[in-house]
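Okay, here's what each chain looks like letter by letter:
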Amino acid sequence: MMTTANARPADALRADDRPVSTRTPSAGARKIGGVAGWVDDRTGAAKGVGYLMKKVFPDHWSFMLGEIAMYSMIIALISGAFLTLWFVPSMGHTVYDGSYAPLRGVEMSEAYASTLHISFDVRGGLIIRQIHHWAALMFVVAVVVHMFRVFFTGAFRKPRELNWVIGSVLALLAIVEGFSGYSLPDDLLSGTGIRAMQGFVQTAPVIGSYLVYGIFGGPFPGEAIIPRLYSAHILLLPAVIIGLFTAHILLVAIQKHTQYPGPGRTNDNVVGFPVMPVYAAKAGGFFFIVFGVIALIAAVISINPVWGYGPYDPSPVTAGSQPDWYMGFADGALRLLPGWLEFTALGYTLSLNIMPGALILLPLVYVVVGVYPFVERWITGDDREHHLLQRPRNAPVRTAIGMAGITMYSVLMFAAANDIMAIKLHMSINDITYFLRTAFFVAPFIVFWVTKRICLSLQRADRNKVLHQRESGTIIRTPEGAFFERHEGLSEYERWKLVDFEPVAPIQLEQRVDANGVEKPLTGKDRMRARLSRFYFKDAVQPVTPAELAAAHHDGHGHEAIEAGEHAGSVHR
Amino acid sequence: MNEQDTTRAGDVLPAEEFGAEAVRLDQGHVVGHGGIPEVFQNPGLPPHAPRTTDLSEAAAKRAEKQVAALFALSIVGTIVFVLAYFLVDIRATTYVPGIGVMALQHLLLGIGMAAALLGIGFGAVHWAKTLMPDEEVVEMRHPMRSSDADRAAVVQTLTDGGEAAQINRRPLIKYTLGGALGLFAVPVVLPVLGGLGPMPQKSLSLTFWNGGPSGPGEEPTFTPMRLMRDPENTPIKASDVTIGSVFHVLPEGLLDLEHGVLEEKAKAAVLLMRLDPKDIKVQKEIDWGHQGIVAYSKICTHVGCPVGLYEQGTHHLLCPCHQSTFDVTQDCKVIFGPAKRALPQLKITVDDEGYLVSAQPFREAVGPSFWERG
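Everything numeric here is computed off the predicted structure, so don't read it as measured data.

(A) The overall build of chain B, seen in detail. The helix and strand tally for chain B stands at 9 helices and 14 strands. Relative to the globule expectation of 21 Å for 374 residues, the C-alpha radius of gyration of chain B, 40 Å, shows a markedly less compact shape. Dimensions of chain B along its principal axes, counting C-alpha atoms only, are 115 × 75 × 55 Å. Sequence-distant contacts in chain B: of pairs separated by 6 or more residues, those separated by 24 or more amount to 51%. Averaging the locations of the 31 positively and 42 negatively charged side chains of chain B gives two centres separated by 6 Å.

In C-alpha cells, the structure reads:
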C-alpha cells in the first residue's frame with residue numbers, strides 16, 4: 001500500500017521523457033528480462049522480489065549504525081576467507097626463513113610463521129590482514145553503538161523483544177569470535193592472552209583443571225589450542241553468527257523498521273524511501289563507503305604488528321599487555337578485583353578474585369542486557385506494539401539506567417589501561433586502582449542522577465518551547481511604554497515533534513477481588529512492581545496538551561503550566 | 001494511535017455509525033473539554049521542499065557530472081591497485097609524513113582499494129541524494145499477531161495431526177520416542193567430550209624441578225638440578241650472581257627436551273635474584289636461598305602471566321598483565337593487585353663446583369589457582 005503525491009517539482013525535468021509503458025526495452029534489458037522470466041517460471045519469485053523492492057525504510061543517521069555492523073561483518077567474512085588460503089593453523093615447530101630479516105632463523109609455530117608470510121611475502125596479504133582486523137574491531141564497535149541506539153530509543157519494546165535477545169547473543173558471540181581470531185597468530189601478545197584465559201578457566205570451581213586439560217588437549221600450551229580456536233573462529237562461530245544475523249534481518253523486514261516520531265509518522269505506518277531505487281543506492285553505496293573507510297584505515301594505520309612481538313613463549317612477556325578493546329572490561333575487572341577474595345578451605349580453593357571478572361562477567365552482562373525488555377514490560381505493564389521510537393529524554397529513568405550501565409562498563413574498561421594511565425599521567429598505579437574500585441560502585445549512581453536530571457530538564461525545555469515558543473531576541477515596545485520580547489511561533493510540524501509522546505504515571509496498587517467477591521491480599525510482587533513503577537514514572541514530565549497551550553496563550557506567562565505537567569493526572573494506558 | 005487500543009469512555013465513535021459527534025455513554029462519565037482536543041493531532045507530512053536539482057536542469061546536470069566523477073575516481077583507484085600489485089616491489093619502503101617508513105606496495109594497494117570503494121559508495125549516495133526522488137513514501141503497518149481464526153487453525157491442525165498419528169492412544173510409542181530423542185545426543189557429544197584431552201592427574205602440581213617431564217601420568221623422582229640461564233642454557237655460578245642482578249632460569253635439561261619444551265617452561269620458569277641478606281625480612285627465605293641468592297617461580301599466582309618486571313630499588317616484582325606486585329624481601333608476598341598467594345620459592349644450594357642447584361622441588365603448585373590445589 002503506497003501512496004505518492006501526484007505533482008512533483010522534478011516532473012518538469014522529465015516532461016520530455018517518454019512514458020515508461022510505451023518504451024521498448026533495449027536488447028540488454030530484454031535479455032535480463034528473459035533470464036528473470038526463466039527464474040520466475042521456476043520459482044515464482046517475482047511477487048516477493050517486487051514486494052521487497054517497494055519496501056519502505058525510514059531515514060535517520062542512527063539507523064546506519066546497524067548497517068555498519070552488518071557491513072563490517074561481511075567485510076570480515078570476505079577478508080577472512082582470503083586469509084584462510086595462507087594461514088596454517090598449526091602449532092607445529094618450524095624455523096622462520098621468510099623475508100622479515102629480524103626473525104629469520106627463529107624457532108616458532110607454523111601459525112606464527114604463516115602470519116608473517118601473509119604479512120611480508122603475499123602480495124596484498126598485509127592489507128587484507130589489516131582490513132580483517134580493522135573490520136572486526138569496527139564490527140564490535142558498531143554492534144555496541146547500535147545496541148545503545150536501540151536501547152535508548154526504546155526500539156526493543158514489543159514486538160521486538162525477540163530481536164533484541166537475538167542481537168544480544170550476536171553481540172556476545174562477536175566478542176568471542178574476536179578473541180578466538182586475535183589469538184590465532186600465536187605471537188607473544190596473543191599467547192599471553194591465551195595464557196591468561198587458561199588461568200581464568202582453571203579457577204572454575206570443581207571442574208577447572210579438567211576444563212583446561214580438555215580445552216588445551218593436555219598441559220598448557222600444548223599443540224591443540226590453535227587448531228581448535230581456528231575451527232571455532234572460521235567454522236562454528238561464523239555459522240552461528242550468520243544464522244542469527246539472518247534471523248535478525250528477517251525480523252527487521254517482517255516487523256518493518258521503527259521510526260522516530262514526527263509529522264505524518266504514526267504507530268501504524270512507516271514513512272521513508274523505497275528500496276528501489278533510493279535505498280538500493282543509499283544502503284548499497286554505504287557498504288562501499290564502510291569498506292572504503294576500513295581499507296583506508298588499514299592502508300595507513302598499523303594494527304596488531306605481530307612481527308614486533310616475536311613468537312609465543314610462556315617465559316617472556318611484554319609490558320603493557322592489552323587485549324583488543326572489547327575484552328578490556330573483563331580484563332579491567334580482573335585488575336580491580338582484590339586478592340583477598342580467594343578462599344581456601346578443606347583443601348579446596350575458590351578464586352573469587354578471578355572467577356567473577358573472567359568467567360561470569362561477560363555472560364552476565366549479556367544476560368542482563370537481554371532480559372531488560374522483559375523487566376521493563378513487567379514494570380510498565382505495557383502490552384501494546386510500539387513502532388514509534390522514544391526520544392531518550394522522554395524515558396528519563398531508562399536513559400539514566402543505560403548511562404549508569406555504560407559507566408560501570410567504562411570504569412572496567414579504563415581499569416584495563418591502569419598501567420598505561422599510570423605511565424602517561426605520571427600517577428601511582430595503586431591510587432588509580434583504588435580510585436577505579438570506588439568509582440565502579442559510586443559513579444553509576446552519580447551518572448544515573450545527572451542523566452535523569454538532564455532528561456527532565458530537556459523535557460521541561462521542550463514544554464517551555466511549546467508553551468512559550470521561541471525567544472526571538474526582538475524587544476517590542478508597546479504604545480503604552482511596556483516592553484516585551486516577541487516569541488516566534490512554532491509551526492505545527494515543529495510542535496508535533498515536541499508533544500508526540502505518551503503521558504505516563506506510576507501504576508496504582510488496587511485491591512483485587514476474586515470470583516467470590518473476596519479480597520485477595522496484595523502480594524510482595526505487586527508491591528515491588530508498584531515501587532518500581534514509582535521509581536520509573538513518579539516525576540515524569542507530561543507532554544503539553546492543547547488545553548495547556550490555550551491557557552498559556554491566555555495569560556502569556558504560564559510558568560506554572562510548565563511545572564504542572566509533572567504531576568498531571570491524565571494517564572492513558 | 002495503536003490498533004490494539006480499546007475504545008475508552010468519551011472516545012468519539014466511528015462517524016459512519018452515529019454521526020461525527022456521538023460519544024459512548026455506557027462506560028462512565030464524559031467530561032467535555034470545551035472543543036479543545038485532549039491531545040495534539042498529528043499534522044501529517046509537511047509539504048515537500050524541492051531540491052535545487054529538482055528545480056534547475058543546470059543543477060541536475062552538475063550533480064550528474066559529480067556522480068560520474070566519483071565513479072571515475074573508483075576506476076582510477078582500481079587501476080592504481082592493479083599497477084601497484086604488479087609493478088611495485090613488495091620490499092620497497094617509503095616515508096610518509098606523520099606515519100613514518102612503511103611498505104610502499106601496501107600503502108598503494110590500500111589507497112587504490114579505498115579509492116575504488118569510496119568512489120562507488122559516495123557516487124551512489126550522491127546520486128540518490130541529488131537525482132533520485134526524495135518524496136517520502138508511506139507504507140502501512142499491520143499488527144504482528146495472526147488473526148484468532150488463523151491461530152485456532154494451527155492448533156487444530158496440530159491436534160488433528162497428533163490424533164491422526166495416534167500419539168496419545170499409544171503411550172508406548174510416545175515414551176520410547178521421548179527416550180530415544182533424549183538420548184540420541186549422547187553418541188554425538190560423548191566422543192567430543194571424551195577425546196578433548198587427558199585427565200590432569202597430578203601434573204598441575206608438578207614441575208620439571210620435580211626431576212623431569214611433568215605431564216599427566218608422569219611421576220618424576222627428584223634429583224638436584226642445576227639452575228640454567230634462559231635462553232643460553234648455561235649453568236650459573238653463585239659468584240656470578242651479584243647483588244641487584246636478575247637471571248631468567250630454567251632447570252637443567254628442560255631446553256634439551258625433544259617435546260614439551262613450552263609446556264614445561266610454562267610451569268618451571270624461575271627468577272633468580274640476589275639481595276643483601278640484611279634486606280630480607282623472612283627467615284625461611286634466607287634459609288631456602290644461598291647467601292642472599294633467592295629463586296622464585298616466575299609464573300604469576302593470579303592467572304599465570306610471567307612476572308616480568310623487577311624493580312631493583314624496592315625489590316618489587318610486578319606482573320605486567322594485571323599489576324599484581326610481589327615483595328621479594330618478604331618472601332614474595334602480594335603487596336598489591338589481584339593475586340592472593342605469594343610466588344612459590346624454589347629451595348636452592350650450590351654443588352661441589354660452585355654452581356647453583358635446586359635442593360628440593362617446589363613445595364606447592366605454581367601458577368594460577370585451581371579447585372583441588374588446596
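Don't stop here, the text continues.
(B) Broad picture of the overall build of chain A. Summing up its helical and strand segments, chain A has 19 helices and 11 strands in all. Taken over the C-alpha atoms alone, chain A extends approximately 95 × 80 × 70 Å along its principal axes. In chain A, which comprises 573 residues, the proportion classed as buried is 50%. Accessible surface computed for chain A: about 27,000 Å², of which carbon and sulfur atoms make up 67%. Treating the 49 positive side-chain charges of chain A as one cloud and the 46 negative ones as another, the clouds have centres 5 Å apart.

(C) How the structure looks around the packing of helix H5 (residues 125–152) of chain A against helix H6 (residues 161–182) of chain A. Residues and elements named next belong to chain A. The N-to-C vectors of H5 and H6 enclose an angle of 160°; their axes lie 10 Å apart at closest approach. By the criterion of interaxial angle, the relationship of H5 to H6 is roughly antiparallel. Of the two elements, H5 crosses H6, and the hand of that crossing is left-handed. Where H5 approaches H6, its residues His133, Phe139, Val140, Val143, Met147, Val150 and Phe151 are matched on the opposing element by Trp164, Ser168, Ala171, Ala174, Ile175 and Tyr182. Partitioning the contact of H5 with H6 into residue classes produces 11 nonpolar, 2 polar and no charged.

(D) Just the packing of aromatic side chains, in detail. Going through the model one piece at a time under the given rule, you end up with 30 aromatic pairs over all chains. Centre to centre, the rings of Tyr348(A) and Trp371(B) are 5.2 Å apart; their planes meet at 20°, and the pair counts as stacked. Linking Tyr348(A) in strand S7 (residues 348–351) with Trp371(B) in the segment after strand S14 (356–358), this pair reaches from one chain into another. Residue Trp371(B) is classed as partly exposed on the basis of its relative accessible area, which comes to 22%.

(E) Just the state of the cysteines, in detail. Residue and element names in this part refer to chain B. Counted under the stated rule, the structure contains 1 disulfide over all chains. Each sulfur of the disulfide joining Cys305 and Cys321 lies 2.2 Å from the other. Residues Cys305 and Cys321 are joined by a disulfide whose S-S torsion is about -95°; by sign, that bridge is left-handed. Of this pair, Cys305 sits in the loop between strand S7 (293–297) and strand S8 (309–311) while Cys321 sits in the loop between strand S9 (316–318) and strand S10 (325–327), and the two are 16 residues apart along the sequence. Unpaired in this structure, Cys319 has its nearest cysteine sulfur neighbour in Cys300, at a distance of 3.9 Å. This cysteine, Cys332, is not joined by any disulfide, and Cys300 carries the nearest cysteine sulfur, 11 Å off.

(F) Representation of the sheet that holds strand S11 (residues 333–336) of chain B in the model. Residue and element names in this part refer to chain B. Taken in spatial order, the 4 strands line up as S8-S9-S10-S11 in an open sheet, and their pairing is antiparallel. Single-partner strands in this sheet number two, and they are S8 and S11. Going across the sheet, the axis of each strand differs from the next one's by a mean of 35°, ignoring polarity. Pairing of S10 with S11 involves 3 bridges; the strand directions are antiparallel. Within the sheet, the bridge partner assigned to Phe326 lies in S11 and is Val334.

(G) Seen up close, the side chain of Thr130(B). Residue and element names in this part refer to chain B. Counting through the fold element by element, Thr130 comes out in helix H4 (residues 104–130). In terms of polar contacts, Thr130 uses its side chain to reach the backbone carbonyl oxygen of His126, at 2.7 Å. For Thr130, the contacting residues outside a window of four places in its chain are Arg51, Thr53 and Ala63.

(H) Quick peek at the interface of chain B and chain A. Across the boundary between the two partners, chain B contributes 107 residues, which contact 133 residues of chain A. Note on chain B versus chain A: buried area summed over both sides is about 10,100 Å², and carbon and sulfur give 64% of it. The largest share of the area that chain B buries against chain A comes from Phe40(B), Arg141(B) and Trp371(B), three residues that together contribute 10% of it. Linking chain B with chain A are 3 salt bridges, by the criterion used here. In this structure, the salt-bridge partner of Glu136(B) is Arg265(A), at a minimum N-O distance of 2.7 Å. At the junction of chain B with chain A, the criterion picks out 36 residue pairs in polar contact (both at pLDDT 80 or more). Within the residue set of the side of chain B that touches chain A, elements represented by two or more residues are helix H2 (52–55), helix H3 (57–87), H4, strand S3 (137–140) and helix H8 (261–268) of chain B. Element by element, the count of residues in the side of chain B that touches chain A is highest for H4(B), at 17 residues. Split into classes, the residues belonging to the side of chain B that touches chain A amount to 61 nonpolar, 24 polar and 22 charged. Judged from the 4 bridges that link them, strand S5 (residues 269–274) of chain A and S3(B) form a sheet pairing that is antiparallel. From the neighbouring strand, Asn269(A) faces S3(B), where its bridge partner is Met140(B).

(I) Up close: the sheet that holds strand S12 (residues 345–346) of chain B. Residue and element names in this part refer to chain B. On the basis of which strands lie adjacent, the open sheet formed by 5 strands has the order S4-S5-S6-S7-S12 and antiparallel pairing. In this open sheet, the two edge strands, each paired with only one partner strand, are strand S4 (227–229) and S12. Relative to strand S6 (residues 270–274), strand S5 (residues 246–251) is paired through 4 bridges, and the arrangement is antiparallel. The residue bridging His248 from the neighbouring strand is Leu271, located in S6.

(J) Region of interest: the pattern of salt bridges. For the structure shown, the criterion picks out 27 salt bridges over all chains. We note a salt bridge from Asp54(B) to Arg51(B), for which the minimum N-O separation is 3.2 Å. Taking relative accessible area as the criterion, Asp54(B) reaches 5% and is therefore assigned buried. When salt bridges with common partners are traced through the structure, they connect Lys158(A), Glu161(A), Arg377(A) and Asp383(A) into a single cluster.

Cut-off values and rules
- Residues numbered from 1 in each chain as written.
- Chains lettered and ligands numbered in written order.
- Predicted model: local features only at pLDDT ≥ 70, side-chain atom pairs only at ≥ 80, totals over all residues.
- Heavy atoms only, no water.
- Helix = DSSP H or I, 4+ residues; strand = E, 2+ residues; numbered from the N terminus.
- Rg over C-alpha atoms; globule rule 2.2 N^0.38 Å.
- Contact = heavy atoms within 4.5 Å.
- Lys, Arg positive; Asp, Glu negative; His and termini not counted.
- Charge placed at Lys NZ, Arg CZ, Asp CG, Glu CD.
- Buried < 20%, exposed > 50% of the residue type's maximum accessible area, 1.4 Å probe, protein only.
- Areas by Shrake-Rupley, 256 points an atom, 1.4 Å probe, with all protein chains shown as cover.
- Axes fitted to C-alpha atoms, helices over the stretch in contact; angles between N-to-C directions.
- Parallel < 35°, antiparallel > 145°, perpendicular 65-115°, else oblique.
- Left-handed = near helix turned anticlockwise from the far one by under 90°.
- Nonpolar A, V, L, I, M, F, W, Y, C, P; charged D, E, K, R; others polar.
- Phe/Tyr/Trp six-rings, centres within 6.5 Å; stacked < 30°, edge-to-face > 60°.
- Disulfide = S-S within 2.5 Å.
- Pairing = 2+ DSSP bridges.
- Polar contact = N/O pair within 3.5 Å; in protein donor to acceptor, adjacent residues only side chain to side chain.
- Buried area = accessible area lost by both parts, 1.4 Å probe.
- Salt bridge = Lys/Arg side-chain N within 4 Å of Asp/Glu carboxyl O.

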